[in-house]
Amino acid sequence: MFSKASKGSLFPYYIWIALFVIAPIVLIVYYSMLDLNGNFTLANYTAFFSSVYLKMTLTSFWYAFLITFFTLLIAYPTAFLLTKTKHKHLWLMLIIIPSWINLLLKTYAFIGIFGLYGPINAFLEVFGLEEQQILFTDFSFIFVSVYIFIPFMIIPIFNSLDKLNPTLVYAARDLGASSFTTFRRVIFPLTIDGVKSGIQVTFIPALSLFMITRLIAGNQVITLGTAIEQQFLVSQNWGMGSTIAVFLIIIMVIIMLLTGQKKGGRA
Amino acid sequence: MKSLVQATVAIIVVCALLFFVADRLESAGSAGSKDTITVYNWGEYIDPELIDQFTEETGIKVIYETFDSNEAMMTKVEQGGSAYDIAVPSEYMVEMMKEKNLLLPIDHSKLPNLQNIDPYFLDLAFDPGNEFTIPYFWGTVGIVYNPSLVADHLDFTSWEDLWDPSLKDKVFLVDGAREVIGMGLNSLGESLNAKDDALLRQATDKLITLSPNIKAIIGDEITPLMINDEATVALTWSGQAADMMWENEELDFAVPEEGSNLWFDSFVIPKTAANIDGAHAFINFMLDAEVSAQNNDYVGYSTPNAAAMELMDPEVIEDERFYPDEELRDNLEVYENLGLQWIGKYNEYFLEFKMSIR
């Protein structure tokens, strides 16, 4: 429709980007350099490099890594099997539907499911196992987060697997490659872009998860997202909250670059 | 391209339809009475029947909204997007809102029922002469526990009991910096309004030694966990404890003797108010002895309304766990507004403590 888009017709998009992409980032950087009294300072940045915030950044990273890893571990084979089924788009739909349910609602449901008198413990008891405290552990936190992110990881992987030309797989098999070699040398490299975008949509939000850390992990896990929420709502220290947000943005840019760059090299 | 246009049109049509329905619903709702007030209160902090009763008696319709922290409430009032006629801040937040000129003075001549309030709760330090506030509820911070699930020698008359090795992985704390750091300070025998870095450091270090006993730091979710025996010991507010004990009779509540927090929540009329007469009418209604008694029964916190207490079950008001006498109250401290600088520090220490619990 707009094959010869002149500069004029792109004008609304420039406005949009200036107002909703650039302006917020500039504002965050600006606020990050204000102290509680509104004076310019770099104290927030030095505070970020104190042991508390560095430790928090590392734990956020570690948990985001674990969440992404397990999500990928489950999502890739699922997406792979989905492409082999007869009504693959129907099955994909069925997997995606739970992501339409509000996140908080699902999280609250897990409080009941993981409870001491919940169904999981009732199930364990059938096998004569003792009641386990599942809620407020690392396990419950990672489990619930993985559950939430799985659909977002499956979609891009499914799409790239779906686009894979099956004749390439046949060719590999004809040339004597085992099914593992075929997967390692043909299928996986050709779907790596799907995996990368899956990792992006999982890892980045996982870094800043915040309600689940309280409801499911009982604040035993503190992510950068939780810290931002606390700084804005409780401490009313917008400067420090913005500083953490600046670092979060920097980390995200790095991840985008890392997962975007290798694209050309291998394939 | 065609399907894209179709999808866009479909979305716009659905949105327009929803907008229209919402608009109609809104005008239908307020058509009956042009007189409305907007009440901004904590969750689960009023008997909903009383709101209907108020509308029946006065013809003033009530729009009721809730918040879950003083700070969130103030932020919304400060930004002035909604016309709140009544809000219910705690005492330290009243001071902060006064400083920022967010409150309107209250006309006592429009509140004949003010005489029902126990004079002990009037003219308090955070609002001399009750120029801006009318007391709503008060309470303490203490420990709710299940005596059948903890060792016999623990009765929580001292904060030290929380450090007992038998409570490994059993203690739940409320997710609030002032409550938790305040508890640390109290356990050292210090004031929970301390403005002294060395003391805060000491209190945080003491709290960090509590880490092995801590299961989780959460908010209102603690109520169902205590009721279902999934949690055994929790630091919480007295009224929340009363709610739990109402559902689970085994539970008990104690306010440790080293001292704790005494807090007051009050009605205020924020400067966003659009219907100031309606706000006064609502406050006066809530101060009525019978209304207040019914509300206390529902909410479970301690009331400052002396006339209402006469109508309540004597067993409730004689319960010293929730209605400590004046002598016990002297052991308790009201939170002072420490200023943003110190609130920030309390939160930094609290964050450090939270980082240590695993």
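Residue positions are given per chain, counting from 1 as you read along its sequence in written order. Labels are handed out in written order, letters beginning with A for the chains and numbers beginning with 1 for the ligands. With the structure being a predicted model, the display of local features is reserved for residues of pLDDT at least 70 and the display and counting of side-chain atom pairs for 80 or more, all residues being used for whole-chain, interface and lining totals.

Participant: Is there a simple way to think about the overall build of chain A in this case?
Facilitator: Helix and strand assignments follow DSSP, with helices taken as H or I runs no shorter than four residues and strands as E runs no shorter than two, numbered in order from the N terminus. Helix and strand content of chain A: 14 helices and zero strands. If you line up chain A on its principal axes, its C-alpha atoms span 70 × 70 × 35 Å. With 267 residues in all, chain A has 31% of them scored as buried. Here contacts are defined at the residue level, using C-beta atoms placed from the backbone and a cut-off of 7 Å between them. Of the contacts formed within chain A by residues at least 6 apart in sequence, a portion of 70% connects residues at least 24 apart. Three classes are used. A residue is buried when 20 or more other C-beta atoms lie within 10 Å of its own, exposed when 12 or fewer do, and partly exposed in between, with C-beta atoms placed from the backbone.

Participant: Got a minute to help me understand the overall build of chain B in this structure?
Facilitator: Scanning chain B from N- to C-terminus turns up 14 helices and 11 strands. Computed over its C-alpha atoms, the radius of gyration of chain B comes to 23 Å, within 12% of the 21 Å expected for a compact globule of 358 residues. Along the first, second and third principal axes, the C-alpha set of chain B runs to 65 × 65 × 40 Å. With 358 residues in all, chain B has 44% of them scored as buried. When contacts within chain B are restricted to residue pairs at least 6 apart in sequence, long-range pairs at least 24 apart make up 76% of them. For a compact globule the rule gives 2.2 Å times the number of residues to the power 0.38, and the radius of gyration it is set against comes from C-alpha atoms.

Participant: I keep staring at the sheet that holds strand β1 (residues 36–42) of chain B and nothing clicks. Help me out?
Facilitator: Either a parallel or an antiparallel arrangement is found when strands of a sheet pair, and the pairing is made through backbone hydrogen bonds. The strand order across the open sheet built from three strands is β2-β1-β3 (chain B), with neighbouring strands paired in parallel fashion. Edge positions in the sheet fall to β2 (61–67) and β3 (86–87) of chain B, since each has one partner strand and no second. A strand pair is defined by DSSP finding two or more bridges across the two strands.

Participant: Where do I start with the domain arrangement of chain B in this structure?
Facilitator: Residue and element names in this part refer to chain B. Residue ranges for the domains trace back to a domain assignment, done automatically or taken from a database. One can read the domain layout of chain B as domain 1 (36–132 + 263–324) and domain 2 (139–261 + 333–355). Computed over C-alpha atoms, the centres of domain 1 and domain 2 are 26 Å apart. A total of four residues in the side of domain 1 that touches domain 2 trace back to one element, the largest contributor, which is helix α4 (residues 91–99). Along the lines of polarity and charge, the residues of the side of domain 1 that touches domain 2 split into seven nonpolar, two polar and three charged. Ten residue types, Ala, Val, Leu, Ile, Met, Phe, Trp, Tyr, Cys and Pro, are classed as nonpolar, four, Asp, Glu, Lys and Arg, as charged, and the remainder, Gly among them, as polar.

Participant: So what exactly am I meant to see when it comes to the interface of chain A and chain B here?
Facilitator: Many analyses report the size of an interface as the accessible area lost when the parts associate. Listed per partner, the contact involves 23 residues of chain A and 25 residues of chain B. Every element with two or more residues in the side of chain A that touches chain B is listed here: α3 (51–84), α11 (211–215) and α12 (224–233) of chain A. Here the residues of the side of chain A that touches chain B are counted per class, giving 13 nonpolar, eight polar and two charged.

Participant: Help me out: how do you make sense of unusual backbone geometry in this one?
Facilitator: Leaving glycine out, the prevailing phi sign among residues is negative, and the prevailing peptide bond configuration is trans. Residue A:Phe136 is not a glycine yet carries a positive backbone phi of 65°. Positionally, A:Phe136 belongs in the loop between α6 (119–126) and α7 (138–163). Here the phi dihedral of B:Glu44 falls at roughly 55°; this positive angle occurs in a residue that is not glycine.

Participant: How should the environment of B:Lys345 be read in this particular structure?
Facilitator: Residues and elements named next belong to chain B. Assignment of secondary structure puts lysine 345 in helix α14 (residues 340–356). A residue is classified by how many C-beta atoms lie within 10 Å of it, and lysine 345, with 18 of them, is partly exposed. Residues lysine 345 and leucine 311, 34 residues apart in the sequence, show an inter-C-alpha distance of 44 Å.

Participant: Looking at this structure, I do not really get the UniProt feature "domain: ABC transmembrane type-1" (unreviewed entry) in chain A. What am I missing?
Facilitator: UniProt positions are given in the numbering used here, feature names are shortened, and annotations may be inferred rather than shown by experiment. Annotation from UniProt places "domain: ABC transmembrane type-1" (unreviewed entry) at residues 57–259 of chain A. Here residues 57–259 of chain A runs as 77% helix and 0% strand, with 20 Å between its end C-alpha atoms.

Participant: What should I look at first to understand the nonpolar core in this one?
Facilitator: Side chains that are nonpolar tend, in soluble globular proteins, to be buried together. The biggest cluster of nonpolar side chains holds 143 residues, and the ones touching the most others in it are B:Ile86, B:Val144, B:Phe172, B:Ile181 and B:Phe282. With 13 residues, the top contributor of residues to this core is α7(A). Split by domain, this core shows at least three residues from each of two domains, domain 1 (36–132 + 263–324) and domain 2 (139–261 + 333–355) of chain B. Excluding residues that lie within four positions of it along the chain, B:Phe172 makes contacts with B:Lys215, B:Ala216, B:Ile218, B:Ile222, B:Ala231, B:Val233 and B:Ala234. By definition, a nonpolar core groups buried Ala, Val, Leu, Ile, Met, Phe, Trp, Tyr and Cys residues that are joined through C-beta atoms within 7 Å.

Participant: Honestly, the environment of B:Ile11 in this entry has me stumped. Any pointers?
Facilitator: In this structure, B:Ile11 sits in helix α1 (residues 2–31). Separated by 149 residues in the primary sequence, B:Ile11 and B:Glu160 place their C-alpha atoms 61 Å from one another.

Participant: Before we go on, may I ask you to explain the confidence of the model for chain A in this structure?
Facilitator: Do not read the predicted coordinates in detail wherever pLDDT is low. Think of pLDDT as the predictor's per-residue confidence, scored from 0 to 100. On average, residues of chain A score 88 in pLDDT, and 95% of them are at 70 or above. Throughout residues 263–267 of chain A the model reports pLDDT below 50, and contacts reaching past four residues in sequence, or to other chains, amount to four contacts.

Participant: How should the UniProt feature "binding site: spermidine" (unreviewed entry) in chain B be read in this particular structure?
Facilitator: Residue and element names in this part refer to chain B. With numbering matched to this structure, UniProt assigns "binding site: spermidine" (unreviewed entry) to Glu44 and Tyr92. The partly exposed category is assigned to glutamate 44, around which 15 C-beta atoms lie within 10 Å. Looking at the secondary structure, you find tyrosine 92 in helix α4. Not counting residues within four places of it along the chain, the set of residues in contact with tyrosine 92 comprises Tyr335, Glu336 and Asn337.

Participant: Help me understand the pairing of strand β7 (residues 214–218) of chain B in this model?
Facilitator: Residues and elements named next belong to chain B. Across the five residues that make up β7, a large majority, five, are buried. As judged from the four bridges shared by strand β6 (residues 171–174) and β7, these two strands associate in the parallel manner. Residue pairing for β7: phenylalanine 172 is matched across the bridge by alanine 216.

Participant: What's the story with the packing of helix α5 (residues 177–187) of chain B against helix α6 (residues 197–208) of chain B in this structure? I'm lost.
Facilitator: For any two helices packed against each other, the geometry comes down to the angle between their axes and how far apart the axes lie. All names here are of chain B. Interaxial angle, 0 to 180 degrees, is taken between N-to-C directions of lines fitted to C-alpha atoms, where a helix line uses only the stretch in contact. With their axes 8 Å apart at the nearest point, α5 and α6 run at an angle of 95° to one another. By the angle class used here, α5 and α6 are roughly perpendicular. Of the residues in α6, those touching α5 at Val180, Ile181, Gly184, Leu185 and Ser187 are Leu199, Leu200, Ala203, Thr204, Lys206 and Leu207. In terms of residue class, the contact of α5 with α6 is made up of seven nonpolar, three polar and one charged. An angle counts as roughly parallel when it lies under 35 degrees, as roughly antiparallel when it exceeds 145, as roughly perpendicular when it falls between 65 and 115, and as oblique in every other case.

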